[in-house]
Amino acid sequence: MATHREATFLSTGKFVDPTPAPPETAHPEVGATSAPLKSAAYFIGSYCKDYNEDFMLCKDENNDPAHCLKEGRKVTRCAMDLISKLRENCEKEWEAHYKCLEKNNQEYYACRKPERTFNECVFSKLKLEKVIPDASGTPIHLRENTIYN
Amino acid sequence: MPVPFEALIPLGLITGFFGASGILFQKLKVSVNEGQPPRYGLDRWDRVMMERDLRLTGTMRGQSHQTTAPAEFSTNSAWDLETEHL
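Residues numbered from 1 in each chain as written. Chains lettered and ligands numbered in written order. Predicted model: local features only at pLDDT ≥ 70, side-chain atom pairs only at ≥ 80, totals over all residues. Heavy atoms only, no water.

As recorded in an unreviewed UniProt entry, chain B goes by the name NADH dehydrogenase [ubiquinone] 1 alpha subcomplex subunit 1, listed as coming from Entomortierella chlamydospora. UniProt's Sequence similarities (unreviewed entry) comment on chain B is quoted here verbatim: "Belongs to the complex I NDUFA1 subunit family." (UniProt positions renumbered as here; feature names shortened; annotations may be inferred.)

Within an unreviewed UniProt entry, the label attached to chain A reads NADH-ubiquinone oxidoreductase, and the organism entered is Entomortierella chlamydospora. Taken directly from UniProt, the Sequence similarities (unreviewed entry) text for chain A runs: "Belongs to the complex I NDUFA8 subunit family."

This is the structure in structure tokens:
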């Protein structure tokens, strides 16, 4: 029977693994935390679409953690590539947007103004656009008036 | 008949004490969350992401937009301590 009990030791504070994995298996990991990732989510989705889909299809075959390590590394590398591009080009707007998100429980609706400047910066410098799939009518992030039309 | 101002004194006291404790509570919550309002309505995704933030930055609500994780990130996960409970 599968329990949905959550992990108990993960948020107990500082922990250092006494028996770490051998250094040959070490790969670089994405260093961005949750708010910058949520802010750049749609751009990561469109920039890394092929690698992400590869990984999801691979996981669909077999959910074992050891199965899709290669595709997972590709996903990580692609995300790190986009993050370094964003840091080069649009760092200030990105920071403004994710700091606003952090103040508002990471809800998109509360931070449309910084989001607009960030999207414009990314579109002009990196040619990436935020597209909400299956949006009917004007997408929510492009509407001027969300309360009444 | 003039306004019974003595009756308004306890009203003012009650409002004042409620307000003071409310403001103090809000300041306490904001200071625990490093100058931001607390997160609410967290589901498992948010809890797991916040635990990852703690491992990356060392504080509960700290955020960073580094490209690569710091070196401690590879060894500070307590996941291996978890046991299977059947």
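(A) Quick look at the packing of aromatic side chains. Residues and elements named next belong to chain A. Within this structure, the stated rule accounts for 3 aromatic pairs over all chains. A centroid spacing of 6.3 Å and a plane angle of 50° characterise the contact between Tyr42 and Tyr108, whose relative ring orientation is tilted. One end of the pair, Tyr42, is in helix H2 (residues 41–47); the other, Tyr108, is in the loop between helix H5 (91–103) and helix H6 (112–126), with 66 residues separating them in the sequence. Residue classification places Tyr42 among the partly exposed residues on the basis of a relative accessible area of 28%. (Phe/Tyr/Trp six-rings, centres within 6.5 Å; stacked < 30°, edge-to-face > 60°. Helix = DSSP H or I, 4+ residues; strand = E, 2+ residues; numbered from the N terminus. Buried < 20%, exposed > 50% of the residue type's maximum accessible area, 1.4 Å probe, protein only.)

(B) Seen up close, the packing of H5 of chain A against H6 of chain A. Residue and element names in this part refer to chain A. Interaxial distance between H5 and H6 falls to 9 Å at its minimum, and their mutual angle equals 150°. The pairing of H5 with H6 is recorded here as roughly antiparallel in orientation. The way H5 lies across H6 gives a crossing that is left-handed. Contact with H5, carried on its side by Glu93, Trp94, Ala96, His97 and Cys100, involves Pro114, Glu115, Thr117, Phe118 and Cys121 of H6 and no other residues of that element. Of the residues assigned to the contact of H5 with H6, the class counts are 6 nonpolar, 2 polar and 2 charged. (Axes fitted to C-alpha atoms, helices over the stretch in contact; angles between N-to-C directions. Parallel < 35°, antiparallel > 145°, perpendicular 65-115°, else oblique. Left-handed = near helix turned anticlockwise from the far one by under 90°. Contact = heavy atoms within 4.5 Å. Nonpolar A, V, L, I, M, F, W, Y, C, P; charged D, E, K, R; others polar.)

(C) The domain arrangement of chain B, seen in detail. Residues and elements named next belong to chain B. Once the domains are mapped, chain B shows domain 1 (8–38) and domain 2 (39–73). Here the C-alpha centroids of domain 1 and domain 2 sit 29 Å apart. Contacts between domain 1 and domain 2 engage 5 residues on the former and 6 residues on the latter. For the pair domain 1 and domain 2, the summed buried area comes to about 410 Å², and 30% of that belongs to carbon and sulfur atoms. Sorting the residues of domain 1 by area buried against domain 2 places Glu34, Gln36 and Pro38 first, and these three jointly supply 80% of that buried surface. At the junction of domain 1 and domain 2, the tally comes to 0 salt bridges. Taken together, domain 1 and domain 2 are joined by 5 residue pairs in polar contact (both at pLDDT 80 or more). Taken together, the residues that form the side of domain 1 that touches domain 2 break down as 2 nonpolar, 2 polar and 1 charged. (Domains from an automatic or database assignment. Buried area = accessible area lost by both parts, 1.4 Å probe. Salt bridge = Lys/Arg side-chain N within 4 Å of Asp/Glu carboxyl O. Polar contact = N/O pair within 3.5 Å; in protein donor to acceptor, adjacent residues only side chain to side chain.)

(D) Unusual backbone geometry, seen in detail. Residues and elements named next belong to chain A. Here the phi dihedral of Asn105 falls at roughly 60°; this positive angle occurs in a residue that is not glycine. One can find Asn105 in the loop between H5 and H6. The backbone of Asp134 shows a phi angle near 60°, a positive value even though the residue is not glycine. Relative to the assigned elements, Asp134 resides in the segment after H6.

(E) Looking closely at the environment of His141 of chain A. All names here are of chain A. Considering the arrangement of structural elements, one finds His141 in the segment after H6. By relative accessible area, which is 9% here, His141 ends up buried. With 26 residues separating them in the primary sequence, His141 and Glu115 have C-alpha atoms 8.4 Å apart. Those residues in contact with His141, other than ones at most four positions away along the chain, are Arg112, Glu115, Asn119, Lys130 and Ile132.

(F) Layout of the state of the cysteines. All names here are of chain A. Taken as a whole, this structure holds 4 disulfides over all chains when the rule is applied. With a sulfur-sulfur separation of 2.0 Å, Cys48 is cross-linked through a disulfide to Cys78. Across the disulfide from Cys48 to Cys78, rotation about the S-S bond amounts to roughly -95°, and the bridge is consequently left-handed. Note that Cys48 is positioned in the loop between H2 and helix H3 (49–61) and Cys78 in helix H4 (residues 69–89), a separation of 30 residues in sequence. Given the relative accessible area of 1%, Cys48 is considered buried. Here Cys58 pairs with Cys68 through a disulfide, and the sulfurs are 2.1 Å apart. Between Cys58 and Cys68, the disulfide has an S-S torsion of -100° and is therefore left-handed. Highlighted residues: Cys58 in helix H3 and Cys68 in the loop between H3 and H4, separated in sequence by 10 residues. Look at Cys58 and you get buried, because its relative accessible area is 7%. Here the bonded cysteines of chain A are numbered in sequence order, and their pairing is 1-4, 2-3, 5-8, 6-7. (Disulfide = S-S within 2.5 Å.)

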